[in-house]
Amino acid sequence: MHNVVCIKQVPDSAQIRVHPVTNTIMRQGVPTIINPYDLFALEAALELRDKFGGEITVLTMGPPSAEDSLRKALTFGADRAVLLTDRCFAGADTLATSYALATAIRKIGKEYGPPDLIFTGKQTIDGDTAQVGPGLAKRLGVLQLTYVAKIRALDIAARTVEAERRSEGGVQVLRTKLPCLITMLEATNQIRRGAMADALRAARAPIEKWSAQQAGVEDISKCGLKGSPTVVKRVFAPTARAEKAVLVEAAEEPAEALIDAIFKCQPKLETDLAALARDA
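Residues numbered from 1 in each chain as written. Predicted model: local features only at pLDDT ≥ 70, side-chain atom pairs only at ≥ 80, totals over all residues. Heavy atoms only, no water.

1. Observations concerning the overall build of the chain
Our working rule: Numbering of helices and strands starts at the N terminus; helices are DSSP runs of H or I of at least 4 residues and strands are runs of E of at least 2. Only the C-alpha atoms count toward the radius of gyration. The rule for a globule is 2.2 Å times the residue count to the power 0.38. In what follows, residue pairs with any heavy atoms lying within 4.5 Å of each other are defined as contacts. Note that accessible areas follow from Shrake-Rupley with a 1.4 Å probe, and for residues the cover is restricted to the protein chains shown. Think of it this way: Lys and Arg go in the positive column, Asp and Glu in the negative one, and His and the chain ends go nowhere. All charge positions are set by atom: Lys at NZ, Arg at CZ, Asp at CG, Glu at CD.
Looking only at helices and strands, the chain features 8 helices and 13 strands. Compactness check: the chain gives a C-alpha radius of gyration of 24 Å against a globular reference of 19 Å for 280 residues, more than 25% above the reference. Taking all contacts inside the chain whose residues are at least 6 apart in sequence as the whole, residues at least 24 apart take part in 69%. In the structure as shown, the chain presents an accessible area of about 16,300 Å², 54% of it carried by carbon and sulfur atoms. Here the chain contributes 36 positively and 33 negatively charged side chains, and the mean placements of these two sets differ by 7 Å.

Written out as structure tokens, the structure is:
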């Protein structure tokens, strides 16, 4: 099997700053980490390799400093790492990002064999859109399983994968054909500690670095800010509410006490509800 894991180097969420003019995240001088959700995706790929063998290629798009995150992924046991880096990728939204990553994954397939599974985290902590994974699946023309909590079974001979997917209505058990893209939820597995041998290998392993041209990007206008239709008009912190929270204490009949408190704060609400009851 050949699995590709897409990770992202993100700024530490506690120290994020926003550019006052472009309204994009400022990454210079901010400590970075591997997107936490992507670590669960990487662990899922490693567990499958432990059971079925094969190779894992880790891919990221970012500045040259993103090499640090790729080496970290290698210490966990990934086989190779590819860094997609070029100035034309700067400022990309999810549409432009999925275009660049899909192009790189196609080249990875040509260089190292077509991927059977493509893993991503459910979302990133800097954008929180959860759009890149599904966008990749659409661009690559593969099936997708999103918000996966557990991979229940993998049948290499039949080319199928079965997974548990969390939804608003409960848990869905889905089976689909390979190749497939999977976005993993948080806390779905126990992220391993890398072995000493992997740490030593990661320190000296070559990182494949591809520019847009080397990755096979045919249309630069679809990358970076030029290829990003998303525009952030304004970034601001919500203003504090003038009303203070009210603590409703009731040893008996707490529901009735809560309703009485709501009607007291919103006197018009009781009248409106009575009118609706009459009309009904």
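Text resumes after the structure shown.
2. A short note on helix H1 (residues 36-52)
How we decide: One less than the residue count of a helix, multiplied by 1.5 Å, gives the span that helix is expected to have. The cut-offs for exposure are 20% and 50% of the maximum accessible area for each residue type, with area from a 1.4 Å probe on protein chains only; residues under the lower value are buried, those over the upper are exposed, and the others partly exposed.
Taking 1.5 Å per residue, 17 residues should reach 24 Å; H1 reaches 25 Å between its end C-alpha atoms and fits that length. Burial analysis of H1 places 12 of its 17 residues in the buried class, the great majority of the element. All of the buried residues along H1 are Tyr 37, Asp 38, Leu 39, Phe 40, Ala 41, Leu 42, Glu 43, Ala 44, Ala 45, Leu 46, Leu 48 and Arg 49. Positive backbone phi, at 80°, marks Gly 53, one or two positions downstream of H1.

3. Overview of the packing of aromatic side chains
Our working rule: In this scheme Phe, Tyr and Trp rings, the latter by its six-membered ring, pair at centre separations within 6.5 Å, and the angle between planes marks the pair as stacked below 30 degrees, edge-to-face above 60, and tilted otherwise. Counted as over-ring charges are cases with an Arg CZ or a Lys NZ within 6 Å of the ring centre that also lie within 35 degrees of the ring normal.
According to the stated counting rule, one finds 0 aromatic pairs in the structure shown. Its end group placed over the ring of Tyr 112, Arg 80 keeps NZ or CZ at 4.1 Å from the ring centre. Across from the ring centre of Trp 210, 4.4 Å away, lies the NZ or CZ of Lys 107, which sits over that ring.

4. Things to note about the pattern of salt bridges
The condition is simple: We define a salt bridge as a contact between a side-chain nitrogen of Lys or Arg and a carboxyl oxygen of Asp or Glu at a distance within 4 Å.
Summed over all chains, the structure comprises 14 salt bridges. Here Arg 80 ties to Glu 55 by a salt bridge, and the two come within 2.8 Å at their closest N and O atoms. Of this pair, Arg 80 sits in strand E7 (residues 80-84) while Glu 55 is found in strand E6 (residues 55-61), placing the two residues 25 residues apart along the sequence. Residue classification places Arg 80 among the buried residues on the basis of a relative accessible area of 17%. Between Asp 116 and Arg 159 there is a salt bridge whose closest N-O contact spans 2.5 Å. One end of the pair, Asp 116, is in the loop between helix H3 (94-112) and strand E8 (117-121); the other, Arg 159, is in the loop between strand E9 (143-155) and strand E10 (160-167), and 43 residues separate them in sequence.

5. Side note on the pairing of strand E1 (residues 2-6)
Applicable threshold: The pairing criterion for strands is at least two bridges between them, as found by DSSP.
The buried count for E1 comes to 5 of 5 residues, which makes it a mostly enclosed element. Side-chain alternation along E1 places His 2, Val 4 and Cys 6 on one buried face and Asn 3 and Val 5 on a second face that is also buried. Alignment of E1 against E6, held across 5 bridges, turns out to be parallel. Of the residues in E6, the one forming a bridge with Cys 6 is Leu 59. In the sheet, E1 pairs with E8 via 3 bridges, with the strands oriented parallel. Along E8, the bridge assignment pairs Val 5 with Phe 119.

6. Here we look at the sheet that holds E9
Selection rule: In this description, a line fitted to the C-alpha atoms serves as the axis of each element, helices being fitted only across the stretch in contact, and the angle between N-to-C directions of two axes falls anywhere from 0 to 180 degrees.
Here we have 9 strands laid out as an open sheet, ordered E11-E10-E9-E12-E8-E1-E6-E7-E13, and mixed in their pairing. For this open sheet the edge positions go to strand E11 (170-177) and strand E13 (208-210), each flanked by a neighbour on one side alone. The average undirected angle you get between the axes of adjacent strands in this sheet is 30°. Relative to E13, E7 is paired through 3 bridges, and the arrangement is parallel. Paired with Leu 84 across the strands is Trp 210, a residue of E13. Against the sheet, helix H2 (residues 67-76) contacts E6, E7 and E13, and its axis sits at roughly 165° relative to E7.

7. Side note on the nonpolar core
Going by this rule: Among buried residues, the Ala, Val, Leu, Ile, Met, Phe, Trp, Tyr and Cys ones that are joined through side-chain atoms within 4.5 Å form a nonpolar core.
Formed by 35 residues in total, the largest nonpolar core has its most connected members in Phe 119, Val 161 and Ile 182. Mapped by element, the contributors of at least two residues to this core are H1, E6, H2, E7, E8, E9, E10 and strand E12 (180-184). Top element by residues in this core is H1. It accounts for 7 residues. Every residue in contact with Ile 182, bar those within four places of it in the chain, is listed here: Leu 117, Ile 118, Phe 119, Thr 120, Leu 145, Val 148, Ile 151 and Val 161. With 25 residues, the next largest nonpolar core counts Met 61, Phe 89, Leu 136 and Val 217 among its residues.

8. Some words on the environment of Lys 177
The following threshold applies: Residues adjacent in sequence count toward polar contacts only when both atoms are side-chain atoms; beyond that, a polar contact is any pair of N or O atoms within 3.5 Å, and within protein one must be able to donate a hydrogen and the other to accept it.
Its location among the elements puts Lys 177 in strand E11. As a C-alpha pair, Lys 177 and Leu 154 span 23 residues in sequence and 10.0 Å in three-dimensional space. Sequence-distant contacts of Lys 177, that is, excluding residues within four places in its chain, are made with Leu 143, Ala 158, Arg 159 and Thr 160. Reaching out from Lys 177, the side chain makes a polar contact with the backbone oxygen of Ala 158 at a distance of 3.3 Å.

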